[in-house]
Amino acid sequence: ASDATSQAERIHASMAQYDVVGPYLLVGSGLGAVEARAFAARYPDEVGGMVLLDPWHQPLMADAAPRIDALESQATERRFSWHRLRAWWRKDPDPEFGLPSQDETAMLASLRTVKLANAKARELKVLPRSFEEIQALQSLGQKPLVVLTSASLDKDGSDGPWAQGSQAGRIQMDELFSKMSTQGKHQVVAGATPVSLICRQDLADQVVLAIRSCLGR
């Protein structure tokens, strides 16, 4: 299964396999933030804090069905080299992440794999179940929590099936979610999108600072 709790259980099993003991500082972006919340709900005593980047919120997500269909079509097309020729012929624009050209090329290559398209489609299919699972997490008590919200969304929608006009709601819900801990903090990162926040060095530095603050450094 690809729901958030199943992913959390796989991560927990991997930690045990390699003798990595908690408490853990969980860091997740987008859907990964949903999975981090599922981990905290499933293993509350093993979580020391969380840093969440642009977490997905159910009320702000659009119908995922069109995106699932598109991902499954992409997975089928990517099995054949002609899909690249068709994209060139149609002059399909590449997504823009605001990264250095070499990093931009690497990012685009990673986004065009069959495996990634299939994995994203599976995760979106069980997204309603994942949102239900994280409702079990109602409080982090005094554990450190930092929520970072990018100032805008990526133009191509690569950061998730957000509903149109959801930016203001994202800021409000991230602020509200940060209140789940008495040590919670919320910050809107100017000039960032969900992708550039973890890929662009100057913006990713702010993520590192958030992690260090949760570690007390």
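The structure under discussion appears in the preceding block.
Values in this document were obtained by computation on a predicted structure and should not be read as measured data. (Residues numbered from 1 in each chain as written. Predicted model: local features only at pLDDT ≥ 70, side-chain atom pairs only at ≥ 80, totals over all residues. Heavy atoms only, no water.)

Student: Looking at this model, I keep getting lost on the overall build of the chain. Mind explaining?
Tutor: Counting its regular elements, the chain contains 10 helices and four strands. N-terminal to C-terminal, the α/β element order of the chain is α-β-α-β-α-α-α-α-α-β-α-β-α-α. Every one of the 217 residues in the chain was classed for burial, and the buried ones make up 42%. Long-range contacts, defined as pairs at least 24 residues apart, comprise 76% of the intrachain contacts of the chain with a sequence gap of at least 6. Of the roughly 12,000 Å² of accessible surface on the chain, 54% is carried by carbon and sulfur atoms. (Helix = DSSP H or I, 4+ residues; strand = E, 2+ residues; numbered from the N terminus. Buried < 20%, exposed > 50% of the residue type's maximum accessible area, 1.4 Å probe, protein only. Contact = heavy atoms within 4.5 Å. Areas by Shrake-Rupley, 256 points an atom, 1.4 Å probe, with all protein chains shown as cover.)

Student: Hey, could you run me through the nonpolar core in this one?
Tutor: Across soluble globular proteins, nonpolar side chains show a tendency to be buried alongside one another. If you look at the biggest cluster of nonpolar residues, it comprises 36 residues, and the most contacted ones within it are L26, M50 and W56. Going through the elements one at a time, α1 (4-17), β1 (24-29), α2 (31-42), β2 (47-53), α3 (65-77), α6 (114-125), α7 (127-133) and β3 (145-150) are the ones with two or more residues in this core. Leave out the neighbours within four places in its chain, and L26 touches A36, F39, A40, V47, G49, M50 and V51. Counting residues in each nonpolar core, the second largest holds 11 residues, with V51, V146, V207 and C214 among its members. (Core = buried A, V, L, I, M, F, W, Y, C linked by side-chain atoms within 4.5 Å.)

Student: What is the right way to look at the pattern of salt bridges in this model?
Tutor: A side chain of one charge can pair with a side chain of the opposite charge when the charged atoms of the two come close. Enumeration according to the criterion identifies six salt bridges in this entry. R42 is paired through a salt bridge with E9; the nearest N and O atoms lie 3.2 Å apart. Of the two residues, R42 sits in helix α2 while E9 sits in helix α1, which places them 33 residues apart along the sequence. With relative accessibility at 42%, the residue R42 sits in the partly exposed group. Close ionic contact of D54 with R170 constitutes a salt bridge, the shortest N to O distance being 2.3 Å. Linking D54 in the loop between β2 and α3 with R170 in helix α8 (residues 167-178), this pair joins segments that are 116 residues apart in sequence. Just as D54 is buried, R170 falls in that class too. (Salt bridge = Lys/Arg side-chain N within 4 Å of Asp/Glu carboxyl O.)

Student: What exactly am I supposed to notice about the sheet that holds strand β4 (residues 184-189) here?
Tutor: Whenever strands of a sheet pair, they do so through backbone hydrogen bonds, lying parallel or antiparallel. An order of β1-β2-β3-β4 is seen for the four strands of this open sheet, with the pairing classed as parallel. What marks the edges here is a single partner per strand, and that holds for β1 and β4. Looking at each pair of strands side by side, their axes are set apart by 15° on average, direction ignored. As defined by bridge partners, β3 adjoins β4 across six bridges and the pair is classed as parallel. By the bridge assignment for β4, L145 is matched with G184. (Pairing = 2+ DSSP bridges. Axes fitted to C-alpha atoms, helices over the stretch in contact; angles between N-to-C directions.)

Student: What am I meant to see in the packing of α3 against α6 here?
Tutor: The description of two packed helices rests on the angle between their axes and on the distance between the axes. Between α3 and α6, the shortest axis-to-axis distance is 8 Å and the interhelical angle comes to 155°. Compared by their axis directions, α3 and α6 come out roughly antiparallel. Here the hand of the crossing between α3 and α6 comes out left-handed. Note on element contacts: α6 touches α3 through V114, A117, N118, K120, A121, L124 and K125, opposite R67, I68, L71, E72 and A75. Taken together, the residues of the contact of α3 with α6 break down into seven nonpolar, one polar and four charged. (Parallel < 35°, antiparallel > 145°, perpendicular 65-115°, else oblique. Left-handed = near helix turned anticlockwise from the far one by under 90°. Nonpolar A, V, L, I, M, F, W, Y, C, P; charged D, E, K, R; others polar.)

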